[in-house]
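Residue-level structure breakdown
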Amino acid sequence: MKRFVTLFLAAMLFVLCVIPCAQAEGAAPRSSNFFCSYGTTLSKEGNGRIKIVFSTTGIGICNQLGVASYQVQKRNADGEWVDVSGLLNGSLGANLTNYTFSRYFNGVSGETYRVKVVFLCTINTASEARNYTSGIITAK
């Protein structure tokens, strides 16, 4: 019986040590005094068209929140990422906690794309910009 209790306590101690580490990794991958979260979602619309959804959440009411600029990149035959859109203006919302908007990009069916983004958050007179690179998508 004593052996069972010891084994049980050792297992519980192991679980209690592992769970906070796993939660900490997933919970705050981007520590910031301005952003709670930010990111993009890419979806195939057909005929090479890609829908890009930008989404961000600030830590409270933000004077400005959203995307300062973004750029669409295509993977070339050498596996390198090349700019295919130029630097594009994003969209910023005012006096809000979260902001989501979308844009469309007309690519070429069968080509692989990603988006590089600069998210911006301003609270009072201070601001923070965060660079972000989306996942990849192959246009259909």
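Here the structure is shown first, and the text comes after it.
Keep in mind the model is a prediction, meaning the values are calculated, not measured.

Calculation criteria
- Residues numbered from 1 in each chain as written.
- Predicted model: local features only at pLDDT ≥ 70, side-chain atom pairs only at ≥ 80, totals over all residues.
- Heavy atoms only, no water.
- Helix = DSSP H or I, 4+ residues; strand = E, 2+ residues; numbered from the N terminus.
- Buried < 20%, exposed > 50% of the residue type's maximum accessible area, 1.4 Å probe, protein only.
- Contact = heavy atoms within 4.5 Å.
- Core = buried A, V, L, I, M, F, W, Y, C linked by side-chain atoms within 4.5 Å.
- Phe/Tyr/Trp six-rings, centres within 6.5 Å; stacked < 30°, edge-to-face > 60°.
- Lys NZ or Arg CZ within 6 Å of the ring centre and 35° of its normal.
- Pairing = 2+ DSSP bridges.
- Disulfide = S-S within 2.5 Å.

For the rest of this paragraph, the subject is the overall build of the protein chain. What the protein chain contains, in helices and strands, is one helix and eight strands. Mapped in sequence order, the helices and strands of the protein chain form the string α-β-β-β-β-β-β-β-β. A burial count over the protein chain gives 33% of its 140 residues as buried. Restricting to contacts in the protein chain with at least 6 residues of sequence separation, those with at least 24 account for 63%.

Quick look at the nonpolar core now. Of all hydrophobic cores here, the largest spans 25 residues; its most connected members are Ile52, Phe54, Tyr70, Val115 and Val117. Counting only elements with at least two residues in this core, the list comes to β1 (35–46), β2 (49–75), β5 (92–106) and β6 (112–123). The dominant element in this core, judged by the number of residues it contributes, is β2, at eight residues. Setting aside chain neighbours within four positions, we find Phe54 in contact with Gly39, Thr40, Val67, Tyr70, Tyr99, Thr100, Phe101, Arg103, Val115 and Val117.

Our next topic: the environment of Cys36. Turning to its location among the elements, Cys36 is positioned in strand β1. Along the backbone, Cys36 and Gly60 are 24 residues apart, and their C-alpha atoms lie at a distance of 8.9 Å.

What follows is about the environment of Asn124. Locating Asn124 in the fold gives a position in the loop between β6 and β7 (126–133). On the accessibility criterion, Asn124 (63% relative accessible area) is exposed. Separated by 60 residues in sequence, Asn124 and Gln64 have C-alpha atoms that sit 9.2 Å apart.

The next subject is the packing of aromatic side chains. Summed over the entire model, instances satisfying the criterion amount to eight aromatic pairs. Where Tyr38 meets Tyr132, the ring centres are 6.0 Å apart and the plane angle is 85 degrees; that geometry is what we call edge-to-face. Here the residue Tyr38 occupies a position in strand β1, and Tyr132 occupies one in strand β7, the gap between them amounting to 94 residues. For Tyr132, a relative accessible area of 18% gives the class buried. One aromatic cluster in this structure is built from Phe35, Tyr38, Phe119 and Tyr132. For Arg49, the ring lying beneath its charged end belongs to Tyr104, and the centroid distance is 3.9 Å.

Looking now at the pairing of β6. Within a regular strand, side chains alternate between the sheet's two faces. Along β6, ten of the twelve residues are buried, which leaves the element largely enclosed by surrounding structure. Here ten bridges tie β2 to β6, and the two strands are oriented antiparallel to one another. Bridge pairing in β6 places Tyr70 opposite Val117. Note: β6 against β7, eight bridges, orientation antiparallel. The partner of Thr122 across the bridge, within β7, is Ser127. Connecting β6 to the next strand, β7, in antiparallel fashion are two residues, including Asn124 with a positive phi near 60 degrees.

Across all of its chains, the model carries zero disulfides by this definition. Of the cysteine sulfurs around Cys36, a residue in no disulfide, the closest is that of Cys62, at 8.3 Å. With a relative accessible area of 51%, Cys36 lands in the exposed category. The closest cysteine sulfur to the non-disulfide-bonded Cys121 is located on Cys62, 3.4 Å from its own sulfur.

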